[in-house]
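For reference, the chains in residue letters:
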Amino acid sequence: MHVRLEGIDMNFGEVAVLKQVSLSDRIDKLAIIGPSGGGKTTLLRIIGGLLVPSGGRLFLDEQEVDYAENKLPAYRAQLGYVFQQGGLFHHLSARKNIALPLQVVHGTSEEEALERAQELLNRFGLGSEGDKMPAQLSGGQQQRAAIARAIAASPKLVLLDEPTSALDPEYTNEVLDVINDLGETGIRFIIVTHEMGFARHACDKIAFLYDGMLLEYGSSSELFENPTSPELQRFLGKLLEWRI
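What counts and what doesn't
- All chains use their own residue numbering, which begins from 1 and follows the written sequence.
- Local features in this predicted model are restricted to residues whose pLDDT is 70 or higher, and side-chain atom pairs enter the listing and the counts only when it is 80 or higher, whereas totals over whole chains, interfaces and linings include all residues.
- Hydrogen atoms and water are omitted, and side-chain values are computed over all heavy atoms in the structure.
- Runs of H or I in DSSP of at least four residues are treated as helices and runs of E of at least two as strands, each being numbered from the N terminus.
- Atoms considered for the radius of gyration are the C-alpha atoms alone. The globule rule reads 2.2 Å times the number of residues to the power 0.38.
- Only protein chains enter the calculation, and the probe is 1.4 Å; a residue is then buried if its accessible area is under 20% of its type maximum, exposed if over 50%, and partly exposed in between.
- In what follows, residue pairs with any heavy atoms lying within 4.5 Å of each other are defined as contacts.
- Using the Shrake-Rupley algorithm and a 1.4 Å probe, accessible areas are obtained, with residue cover drawn only from the displayed protein chains.
- Here the positive residues are Lys and Arg and the negative ones are Asp and Glu; neither His nor the chain ends is included.
- Lysine's charge is taken at NZ, arginine's at CZ, aspartate's at CG and glutamate's at CD.
- One requirement defines pairing of two strands: DSSP has to find at least two bridges between them.
- Between N-to-C directions, angles span 0 to 180 degrees; the directions come from axes that are lines fitted to C-alpha atoms, helices contributing only their stretch in contact.
- Roughly parallel covers angles under 35 degrees, roughly antiparallel covers those over 145, roughly perpendicular covers 65 to 115, and oblique covers all other angles.
- Two helices cross in a left-handed way if the nearer one is turned anticlockwise from the farther one by less than a right angle. They cross in a right-handed way if the turn is clockwise.
- Patch definition: residues with relative accessible area over 30% and no salt bridge; like charges joined within 9 Å; nonpolar side chains (Val, Leu, Ile, Met, Phe, Trp, Tyr) joined within 5 Å.
- Throughout this description, the term salt bridge denotes a Lys or Arg side-chain nitrogen within 4 Å of a carboxyl oxygen of Asp or Glu.
- Under the pairing criterion, centres of Phe, Tyr and Trp rings, with the six-membered ring standing for Trp, must be within 6.5 Å; the plane angle then separates stacked pairs below 30 degrees from edge-to-face pairs above 60, leaving the rest tilted.
- Throughout this description, the term charge over a ring refers to an Arg CZ or Lys NZ atom that lies within 6 Å of the ring centre and within 35 degrees of the ring normal.

How do you make sense of the overall build of the chain when you look at a structure like this?
What the chain contains, in helices and strands, is nine helices and 10 strands. Relative to the 2.2 N^0.38 estimate, which gives 18 Å for 244 residues, the radius of gyration of the chain is 18 Å and therefore close to what a compact globule would have. Its C-alpha atoms put the chain at 55 × 50 × 35 Å along the principal axes. Counting all 244 residues of the chain, 49% fall into the buried class. Across the chain, contacts joining residues at least 24 apart in sequence account for 66% of those joining residues at least 6 apart. Within the structure as shown, the chain displays about 11800 Å² of accessible surface, and the carbon and sulfur contribution to it stands at 48%. Looking at the chain, you have 23 positive and 33 negative side-chain charges, and the mean spots of the two groups are 1 Å apart.

Just checking my understanding: could you explain the sheet that holds strand β6 (residues 79-82) for this structure?
One key point about sheets: their strands pair by backbone hydrogen bonds, in either a parallel or an antiparallel sense. The six strands are arranged β6-β7-β8-β3-β9-β10 in an open sheet whose pairing can be described as mixed. The sheet is open, and its two borders are formed by β6 and β10 (213-219), each paired with just one other strand. When the angles between neighbouring strand axes are averaged without regard to direction, this sheet yields 15°. One ladder, built from four bridges, connects strand β7 (residues 157-161) with strand β8 (residues 189-192); its direction is parallel. If you follow Leu160 over to β8, its bridge partner there is Ile191. Seen against the sheet, helix α5 (residues 139-151) touches β6 and β7 and runs at an angle of roughly 170° to β6. Sitting on the sheet, helix α6 (residues 169-184) is in contact with β3 (29-33), β7 and β8, with an inclination near 155° to β8.

How should I be thinking about the packing of helix α3 (residues 94-106) against helix α4 (residues 110-123) in this particular structure?
The description of two helices packed together rests on the angle between their axes and the distance between the axes. For the pair α3 and α4, interaxial distance at closest approach is 8 Å and the crossing angle is 135°. Considering the angle they form, α3 stands oblique to α4. Taken as a pair, α3 and α4 cross one another with a handedness that is right-handed. Packed against α3, whose contacting residues are Ala94, Arg95, Ile98, Ala99, Leu102 and Gln103, the element α4 presents Glu110, Ala113, Leu114, Arg116, Ala117, Gln118, Leu120 and Leu121 at the interface.

Mind showing me how you'd approach the sheet that holds strand β5 (residues 63-64) here?
Taken in spatial order, the four strands of this open sheet run β2-β1-β4-β5, and their pairing is antiparallel. Looking at the sheet topology across the chains shown, the edges are occupied by β2 (15-26) and β5. Where helix α1 (residues 40-47) meets the sheet, its contacts fall on β1 (2-12), β2 and β4 (55-60), and the angle it forms with β1 comes to roughly 120°.

Can you help me understand α1 in this one?
In an α-helix, one full turn covers 3.6 residues, which means residues spaced three or four apart are oriented alike. Buried residues dominate α1, accounting for six of its eight residues. Looking at α1, one finds that the buried residues are Lys40, Thr42, Leu43, Leu44, Ile46 and Ile47. At the C-terminal side of α1, Gly49 shows a positive phi close to 75°.

For this particular structure, what's the right way to read the pairing of β1?
For a regular strand, the rule is simple: side chains alternate between the two faces of the sheet. Across eight bridges, β1 lies against β2 in antiparallel orientation. Note that in β2 the partner of Ile8 across the bridge is Val21. Where β1 hands over to β2, the hairpin turn is made up of two residues, of which Gly13 adopts a positive phi near 65°. As paired strands, β1 and β4 are joined by five bridges and run antiparallel to one another. Paired with Leu5 across the strands is Leu58, a residue of β4.

Looking at this structure, how should I read a negative patch on the surface?
On the surface, Glu110, Glu111, Glu112 and Glu115 cluster together into a negatively charged patch. Among the secondary structure elements, Glu111 is positioned in helix α4.

When you look at the packing of aromatic side chains in this model, what are you seeing that I'm missing?
The relation between two aromatic rings is expressed through the spacing of the ring centres and the mutual angle of the planes. Under the criterion given, the structure shown has four aromatic pairs. Relative to Phe83, the ring of Tyr81 has its centre 4.6 Å away and its plane inclined at 25°; by these criteria the two rings are stacked. Owing to a relative accessible area of 14%, Tyr81 belongs among the buried residues under this scheme. Ring pairs connect the aromatic residues Phe208, Tyr210 and Phe235, which therefore count as one cluster. Positioned over the ring face of Phe59 is Arg4, at 4.0 Å from the centre of the ring. The positively charged end of Arg149 is found above the aromatic ring belonging to Phe89, 5.2 Å away from the centroid.

Any functional reading would require information that these geometric values do not contain.
Here is the structure:
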């Protein structure tokens with residue numbers, strides 16, 4: 001999928017969160033990295049149609065995104081979204097969390113939606129957990145169910161906002177393995193992450209946001225091996241300082 005950002009700005013009151021963010025490239029597996037408060041989640045939400053930018057334009061496959069309120073539901077329906085802590089409906093079972101959006105948003109029959117939900121639960125190692133409520137699942141299981149929900153309708157693009165931020169290391173690896181498998185099977189995704197090993201080895205492109213600006217963009221191998229900005233050099237140095 002080709003993604004083009006043209007001068008994206010985002011202001012909250014007098015605070016400029018994004019400043020003239022521009023890029024144009026084919027996106028398969030993109031990681032957005034950078035320090036907290038740099039605008040990563042805000043940019044992801046703009047791409048997902050959950051926030052309307054203060055300025056600039058967004059194109060997916062050369063089709064400009066129309067941020068008119070009556071146009072956004074159809075646009076959002078083309079995408080999958082995974083939030084920091086899953087965002088599962090707490091009153092629904094894991095299976096119904098996956099099936100219900102298929103029925104309500106995409107018009108799938110109940111029988112087909114439940115069949116698709118079970119297929120994905122099986123795929124992600126949750127085949128026997130479908131009747132459990134989110135509170136009965138581990139953090140890693142909740143995120144796997146959320147990822148299953150995000151890809152159930154075969155979206156054009158999956159957006160993941162720090163999906164491992166609230167997980168213990170054991171569950172973090174579990175969820176990252178699932179996301180990596182998605183990429184290996186051809187599902188395109190953009191992920192906001194602080195997991196630098198995943199960004200480097202599982203993603204082919206990296207966008208480094210700092211203070212609301214896109215300071216560096218390129219292949220993951222190039223940015224990790226040869227960061228050019230002092231900000232990215234410092235950022236990577238801090239993260240790698242305590243590595244094993």
